[in-house]
Amino acid sequence: MQLAYRPLRGAAAQARAWRPAQLANGQLVLFHGYFDNAAAIAHELSVLGHDMATLYGLAVDRWGNEADLRIVGDYCTIIADPGRSRLRLARSPLRAPPLYYFHSDELTAAASVPRALFAAGVEQKLNEAHVADSAMYNFTDEEASWYRDIAQVPVGSVVELERGHARRLRKYYNLVDLPFHNNIADEDAIVRAGELLDEGVRACLAGFGNPGSTVSGGLDSPQVAVRAAKALPPGQRLPTFTFHPEPGFDRRVPRWMMGDERPFVKSLAAMHPELDPHFTANDGIDPSHRWQELFHLIGGAPAPMATMYVYHGILSEAQKAGCDVVLLAEWGNLTFSDKGECGYVEYLLKGQWRQWWLALTRPSIHEGHILRRITARSLSALLPHALWRPLRRISLGRKKLGIELMQTLSKAYRKSSGAERRLRQSGLIVDRYQPRSRRHSRQFLAQNDAWTAEVYQGFEQMYGIALRDPTAYRPFVEFCLGLPTRMFMRDGEIRWLAKQMAKDIMPEAQRTNPLFGWWDADWHLRIGRRRQDFLEEFDRLENDERFGKMFDIPRLRAALEDWPEQTETDPQKAFAPQLAVPAALLTARFVQYVEGRNAP
């Protein structure tokens, strides 16, 4: 076994690094992550004063395959049984640090990052199929890694490796199968969701002395930050960190979005003096900032990482403020502030005509004629894919589907690499995101989130600060996912539960604000500064035999050459320069990094 992880700041963060323990039966346990319910598990096992590695090993020894369902946390583990030449690898449900492994007759190795496996003797061979899938935003193969012969343990799974035997995979957790509580009263649901979110906040703060929190102008992170501030010792303020556009941003945004969230954050801080707001514009930084370091820390380059540069400013400010943990709210939109979009179909199928009509007519984010909304939001979700796709093409005319605008590969390479076929077989149709029920919306959630763990681990390693998400606290997630649609879309109002929970916590103007934050609203300014450099890089890539065939370089170059004078807000025109250009450069540079060569 080879392990590689930089210990983070703070006592609890130290436990995030790999820690070994040996059990009385001779087994070696390695634990990476944290328990949210360590005290409860220790009580059930009647043990005191044990570290998390020992506690985990004792839990598996007592409960076997049920142990990981009893434990609440964010972790991955290895249990080595030297006498049987066997490894048990596991990752927690929902979220977990990455865990990679190699298994052959000659060598079995596991690691939190691929580079440790290479140090153990595994040959570094790029998995071009996974690279192509990433470029198509397809991460549905939970076992795939960036390298051939190296696999990843899926979340909520156990993998057993034994000399002379094929690997055995057991998926012990599936959020699609969670029970529903449709008959819960509205007030009971609001109160219980608040209680569980408070539990999640306290669990994420446990053991840290200097927490901070991201805060946006939305509904999720402000509630996390206010609850966290109230959980701190008297007199201690909570630093908050907010990204905003650079000076020179032309303030052009889609009509349902906001580009600068500082006014709402300042109003929130005025309402809650225990918050200490910090703002960062990431001045001068473009999407390619510190990619090479992230390649080393992660061992991969998922395409969405091309727009995650905003974390550099946030975590740099957190470093200056002396934070040992930063709270996120990445699962907020998946839990308590879900928009309830399944209501467009569910209300129709159940004959709840008033709710169906209000859902289609009241939200201010809607565009187009009502017949178009009915077709797009309700009827098209019920069509078989073979019929949906041609009808979608007809309705779009010359417009392209969203994945075609975002992806970077040439048409020929999409076919020759198998990426197009695998995307079709996965059932993940980004452009067809219209859940038909609460259960169906869970399938979307469970399907394509595998890439985030490696990116967050990379940022933790780069800045030495732990990242915790109270909205991903498993009891809170399970409760919210079990709530009925009416808790999220009611009388045409989306995100109903989050708005109810925000009463007396947020200013009314923010609580009732229908706009969404635009993640990198000033992309036109940042990419525009590097436009000539990127054009020259595409010239070099086009002259390279491999990359010239791989990428749709004429389209990518055209997106930079036909540069708009103002920020483009139409996805048909904006997605290529905003998303596809940096994603293509990210992918190309990663391939060059793995193969140890400079840009062609």
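My aim in this report is to walk through the structure given alongside it, one point at a time. The structure presented is a predicted model; accordingly, all values stated were derived computationally and were not measured.

The next subject is the environment of L275. With respect to the secondary-structure elements, L275 resides in strand β13 (residues 275-280). When the C-alpha positions of L275 and R529 are compared, they lie 35 Å apart, and in sequence the two are 254 residues distant. The contacts of L275, once residues within four sequence positions are left out, are A225, V226, A229, R237, L238, T240, L268 and A269.

A few words now on the packing of helix α10 (residues 291-298) against helix α28 (residues 571-595). Packed helices, taken two at a time, are described by the angle their axes make and the gap between the axes. For the pair α10 and α28, interaxial distance at closest approach is 10 Å and the crossing angle is 60°. Viewed along their axes, α10 and α28 adopt a mutual orientation that is oblique. Considering how the two elements wind past one another, α10 and α28 form a crossing that is right-handed. Between α10, through W291, Q292, F295 and H296, and α28, the contact on the second element is made entirely by P582, L585, L586, R589, F590 and Y593. A class-by-class count of the residues in the contact of α10 with α28 yields 7 nonpolar, 2 polar and 1 charged.

Attention shifts here to empty space enclosed by the protein. Taking a probe equal in size to a water molecule and rolling it over the atoms shows the remaining empty space. Scanning the model with the defined rule gives 3 cavities of 30 Å³ or more in all. Taken as a whole, the largest cavity encloses approximately 120 Å³ of empty space. Taken together, Y34, D36, G73, D74, P93, L94, R95, C204, D469, A472, Y473 and R474 form the lining of the largest cavity. Partitioned by chemical class, the residues of the lining of the largest cavity number 6 nonpolar, 1 polar and 5 charged. Volume-wise, the second largest cavity comes out at about 70 Å³.

Here we have 6 strands laid out as an open sheet, ordered β1-β2-β3-β4-β8-β9, and antiparallel in their pairing. Two strands in the sheet have a free side with no partner beyond their single neighbour: β1 (19-22) and β9 (168-171). Neighbour to neighbour, the strand axes of the sheet diverge by 15° on average, direction disregarded.

Here the focus is the sheet that holds strand β6 (residues 108-111). A sheet is described by the order of its strands in space; here 3 strands give the open sequence β6-β5-β7, paired in antiparallel fashion. Where the open sheet ends on each side, the last strands, each with one partner, are β6 and β7 (151-152). By the bridge criterion, 4 bridges tie strand β5 (residues 100-103) to β6 in an arrangement that is antiparallel. For Y100, the partnering residue across the bridge sits in β6 and is A111.

What follows covers the packing of aromatic side chains. Applying the stated rule across the entire model yields 19 aromatic pairs. Ring geometry for F295 and F590: centres 5.5 Å apart, planes at 65°, overall edge-to-face. On the criterion of sequence distance, the pair formed by F295 in helix α10 and F590 in helix α28 is long-range, its members being 295 residues apart. Residue class for F590 comes out buried when judged on its relative accessible area of 1%. Taking the centre distance of 5.7 Å and the plane angle of 50° together, the rings of F295 and Y593 count as tilted. Of this pair, F295 sits in helix α10 while Y593 sits in helix α28, placing them 298 residues apart in sequence. Its relative accessible area of 0% is what places F295 among the buried residues. Sitting over the face of the ring of F180, R442 holds its NZ or CZ atom 3.9 Å from the ring centroid. Here the basic side chain of R490 rests over the ring of W496, its NZ or CZ set 3.8 Å away from the ring centre.

Each value, and the rule that gives it
- Residues numbered from 1 in each chain as written.
- Predicted model: local features only at pLDDT ≥ 70, side-chain atom pairs only at ≥ 80, totals over all residues.
- Heavy atoms only, no water.
- Helix = DSSP H or I, 4+ residues; strand = E, 2+ residues; numbered from the N terminus.
- Contact = heavy atoms within 4.5 Å.
- Axes fitted to C-alpha atoms, helices over the stretch in contact; angles between N-to-C directions.
- Parallel < 35°, antiparallel > 145°, perpendicular 65-115°, else oblique.
- Left-handed = near helix turned anticlockwise from the far one by under 90°.
- Nonpolar A, V, L, I, M, F, W, Y, C, P; charged D, E, K, R; others polar.
- 1 Å grid on protein atoms, 1.4 Å probe; cavity = no way out; pocket = protein on both sides within 12 Å on 5 of 7 lines; lining within 4 Å.
- Points joined across faces, edges and corners; volume = space filled by probe spheres on them.
- Pairing = 2+ DSSP bridges.
- Phe/Tyr/Trp six-rings, centres within 6.5 Å; stacked < 30°, edge-to-face > 60°.
- Buried < 20%, exposed > 50% of the residue type's maximum accessible area, 1.4 Å probe, protein only.
- Lys NZ or Arg CZ within 6 Å of the ring centre and 35° of its normal.

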